[in-house]
Amino acid sequence: QVQLVESGGGLVQAGGSLRLSCAASGSRFSSNHMGWYRQAPGKQRELVARITNGGVTNYAESVKGRFTISRDNVQNTVYLQMMSLKPEDTAVYYCHANVPGFFSYDYWGQGTQVTVSS
């Protein structure tokens, strides 16, 4: 079992910045692939950024150059630094963990709201 707790969401003006944090517990964090997803009202949940257990990152095209995902394997935390925020970034942001193995498991946090005003 993996427990994920997000924090850092809030209301920010367009052009501003926020940093989301996701504290993980319950498994070997360094072995897990971690990611951030978001879901806007009326839309499907989509991948924002992902970081593998080896530190390889990938991003949605819409956030490349503006968002940075990172992880701290000592603090068991994954971060999403968001800069140059746009109103279309408004969504609930979810932390995701994938525990790799013969049987792969996925876990989700409860989500944190990010609202970008124009």
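The present account deals with the structure reproduced in this document. Just so we're clear, the structure is a prediction, and the values are computed from it rather than from any experiment.

**Focus on the overall build of the protein**
In terms of regular secondary structure, the protein is built from zero helices and 11 strands. Each helix and strand of the protein, ordered N terminal to C terminal, gives the series β-β-β-β-β-β-β-β-β-β-β. In terms of C-alpha radius of gyration, the protein reaches 14 Å, essentially the compact-globule figure of 13 Å for 118 residues. Across its three principal directions, the C-alpha atoms of the protein cover 45 × 25 × 25 Å. Evaluated residue by residue, the protein yields a buried proportion of 42% over its 118 residues. By element, 50% of the accessible surface of the protein is carried by carbon and sulfur atoms, the whole surface being about 6,200 Å².

**What about the pairing of strand β4 (residues 33–39)?**
In terms of burial, β4 is largely enclosed, as six of its seven residues are buried. Alignment of β4 against strand β9 (residues 91–99), held across seven bridges, turns out to be antiparallel. The residue of β9 that forms the bridge with Arg38 is Tyr93. By the bridge criterion, five bridges tie β4 to strand β5 (residues 46–51) in an arrangement that is antiparallel. Paired with Arg38 across the strands is Glu46, a residue of β5. Between the antiparallel neighbours β4 and β5 lie six residues, among them Gly42 with a positive phi of about 75°.

**Description of the sheet that holds strand β3 (residues 18–25)**
The pairing of strands in a sheet comes from backbone hydrogen bonds and takes either a parallel or an antiparallel form. With respect to topology, four strands assemble into an open sheet ordered β1-β3-β8-β7, the strand pairing being antiparallel. The open sheet is flanked by β1 (3–7) and β7 (67–72), the only strands paired with a single partner. Adjacent strand axes in the sheet meet at a mean angle of 15° when their direction is disregarded. Strand direction decides the pairing type here: β3 and strand β8 (residues 77–82), joined by six bridges, are antiparallel. When the sheet's bridge partners are listed, Ala23 is paired in β8 with Thr77.

**So, the side chain of Glu6**
Tracing the chain through its elements places Glu6 in strand β1. Among buried Asp, Glu, Lys and Arg side chains, Glu6 stands out as unpaired, with Arg45 the closest opposite charge at 7.6 Å. One polar contact links the side chain of Glu6 to the main-chain amide nitrogen of Cys95, over a distance of 2.7 Å.

Criteria and cut-off values
Residues numbered from 1 in each chain as written. Predicted model: local features only at pLDDT ≥ 70, side-chain atom pairs only at ≥ 80, totals over all residues. Heavy atoms only, no water. Helix = DSSP H or I, 4+ residues; strand = E, 2+ residues; numbered from the N terminus. Rg over C-alpha atoms; globule rule 2.2 N^0.38 Å. Buried < 20%, exposed > 50% of the residue type's maximum accessible area, 1.4 Å probe, protein only. Areas by Shrake-Rupley, 256 points an atom, 1.4 Å probe, with all protein chains shown as cover. Pairing = 2+ DSSP bridges. Axes fitted to C-alpha atoms, helices over the stretch in contact; angles between N-to-C directions. Lys, Arg positive; Asp, Glu negative; His and termini not counted. Salt bridge = Lys/Arg side-chain N within 4 Å of Asp/Glu carboxyl O. Polar contact = N/O pair within 3.5 Å; in protein donor to acceptor, adjacent residues only side chain to side chain.

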